[in-house]
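Residue-level structure breakdown
Below are the chains, spelled out letter by letter.
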Amino acid sequence: MRKYIYLSFFYFVAAVAAAQTDELNQFWNQYDFTRDLSQNWVLQADAGFVSSSTPDDPNMFHGITQFYLRGWVHYYAFEKWKFSAFISNYSNNNVPELNQKESREFRTALQATYSMFKSSAVTINLRARFEDRHMQTDENYMEAVERLRFQVKAVCPLSTLGVKVKKMYVFASDELFFKTRSQVSGPEVFDRNRAMAGCGFAFSDDIKIEAAYANEIMPRSGTDKLVNAFQIKGVFNNIFSHLLQPFKRKKNQVDQGEGDL
């Protein structure tokens, strides 16, 4: 079995290396707003946009290719488990990995996060997400595309590395995407591999900022896509507590892999 896994990985690397590749530079920007309802339930709203270069212009701010709004509900069932769901609206404008210029998209998802390992030096979380995507085709038809995502993420506070800054942390993750074949997203089943590395700073228990570098490899028919992205993410929890007194939930083990140390 292990031999077949190695052979499959070698074939994938060789195929990507041999294919023609378009390299793009992108900027990802996202802001999360969460509110604790109880020890088990949390609401979240987030918004973001993506700007991208083109094959003729390497500037990552050449044009905005995507804007989105999402609403989440999180349920902390056990100390090591979190279950989540979201509904969202995406405005896609000449997204490089889609096979058309513009595409409205409505997306819903179910997600499970599991705390696999936790120590004072590092925490590791596993995440699985099922996405139901409905994307507009050139014929103005909303085509359904299903996608599965699997991620492993490690978070390490800088204080464990000898750096005396308690509120800073570094993280790294890798995520695999698989999708159904469609007119908009292409005939490939393997969608992409996304590797990320970055750092974060907690101004307080409720305000955090993260900066990261992401590398995406997207095998496509004819021309593969390689994306180098810089991401800025802000996380704001219970920021309107002066207006409505929120419930302050106690963090459990599964929170620790989400950049919350």
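Keep in mind the model is a prediction, meaning the values are calculated, not measured. (Residues numbered from 1 in each chain as written. Predicted model: local features only at pLDDT ≥ 70, side-chain atom pairs only at ≥ 80, totals over all residues. Heavy atoms only, no water.)

A tally of helices and strands in the protein chain yields one helix and 11 strands. Reading the protein chain from its N terminus to its C terminus gives the helix and strand order α-β-β-β-β-β-β-β-β-β-β-β. Considering the protein chain as a whole, with its 261 residues, one finds that 42% of them fall into the buried category. The long-range share in the protein chain, meaning contacts at least 24 apart out of those at least 6 apart in sequence, stands at 55%. A total of about 14,000 Å² of accessible surface is found on the protein chain, and carbon and sulfur atoms cover 64% of it. (Helix = DSSP H or I, 4+ residues; strand = E, 2+ residues; numbered from the N terminus. Buried < 20%, exposed > 50% of the residue type's maximum accessible area, 1.4 Å probe, protein only. Contact = heavy atoms within 4.5 Å. Areas by Shrake-Rupley, 256 points an atom, 1.4 Å probe, with all protein chains shown as cover.)

With that settled, the discussion passes to the sheet that holds strand 3 (residues 63-75). Around the barrel, which closes on itself, the 11 strands sit in the order 1-2-3-4-5-6-7-8-9-10-11 with mixed pairing between neighbours. Taking each pair of neighbouring strands and ignoring which way they run, the sheet shows an average axis angle of 20°. Direction of pairing for strand 6 (residues 123-136) relative to strand 7 (residues 142-157): antiparallel, over a ladder of 14 bridges. Residue pairing in the sheet places Ala128 in a bridge with Phe150 of strand 7. (Pairing = 2+ DSSP bridges. Axes fitted to C-alpha atoms, helices over the stretch in contact; angles between N-to-C directions.)

Where strand 5 (residues 102-118) meets strand 6, 13 bridges bridge the pair, whose relative direction is antiparallel. Bridge pairing in strand 6 links Leu110 to Phe130. Counting the residues in the hairpin turn of strand 6 and strand 7 gives five residues, including Asn140, whose phi is positive at 65°.

Looking at the secondary structure, you find Gln66 in strand 3. With relative accessibility at 15%, the residue Gln66 sits in the buried group. Separated by 14 residues in the primary sequence, Gln66 and Ser52 have C-alpha atoms spaced 9.1 Å apart. When neighbours within four sequence positions are excluded, Gln66 is seen to be in contact with Gly48, Phe49, Val50, Tyr90, Ser91, Asn92 and Val95. A distance of 2.8 Å separates a polar atom in the side chain of Gln66 from a polar atom in the side chain of Asn92. (Polar contact = N/O pair within 3.5 Å; in protein donor to acceptor, adjacent residues only side chain to side chain.)

Glancing now at unusual backbone geometry. Here the phi dihedral of Asn140 falls at roughly 65°; this positive angle occurs in a residue that is not glycine. In this fold, Asn140 is placed in the loop between strand 6 and strand 7.

Let us now look at the nonpolar core. In this structure, Leu24, Trp28, Val50, Val155, Tyr169, Phe171, Met196, Ala212, Ala214, Met218, Val227 and Ala229 together form the largest nonpolar core, which totals 12 residues. Secondary structure elements with two or more residues in this core: strand 1 (20-36), strand 8 (168-179), strand 10 (207-218) and strand 11 (223-237). The dominant element in this core, judged by the number of residues it contributes, is strand 10, at three residues. Other than its neighbours up to four places away in sequence, Met196 contacts Phe171, Ala172, Ser173, Ala212, Tyr213, Ala214 and Gln231. (Core = buried A, V, L, I, M, F, W, Y, C linked by side-chain atoms within 4.5 Å.)

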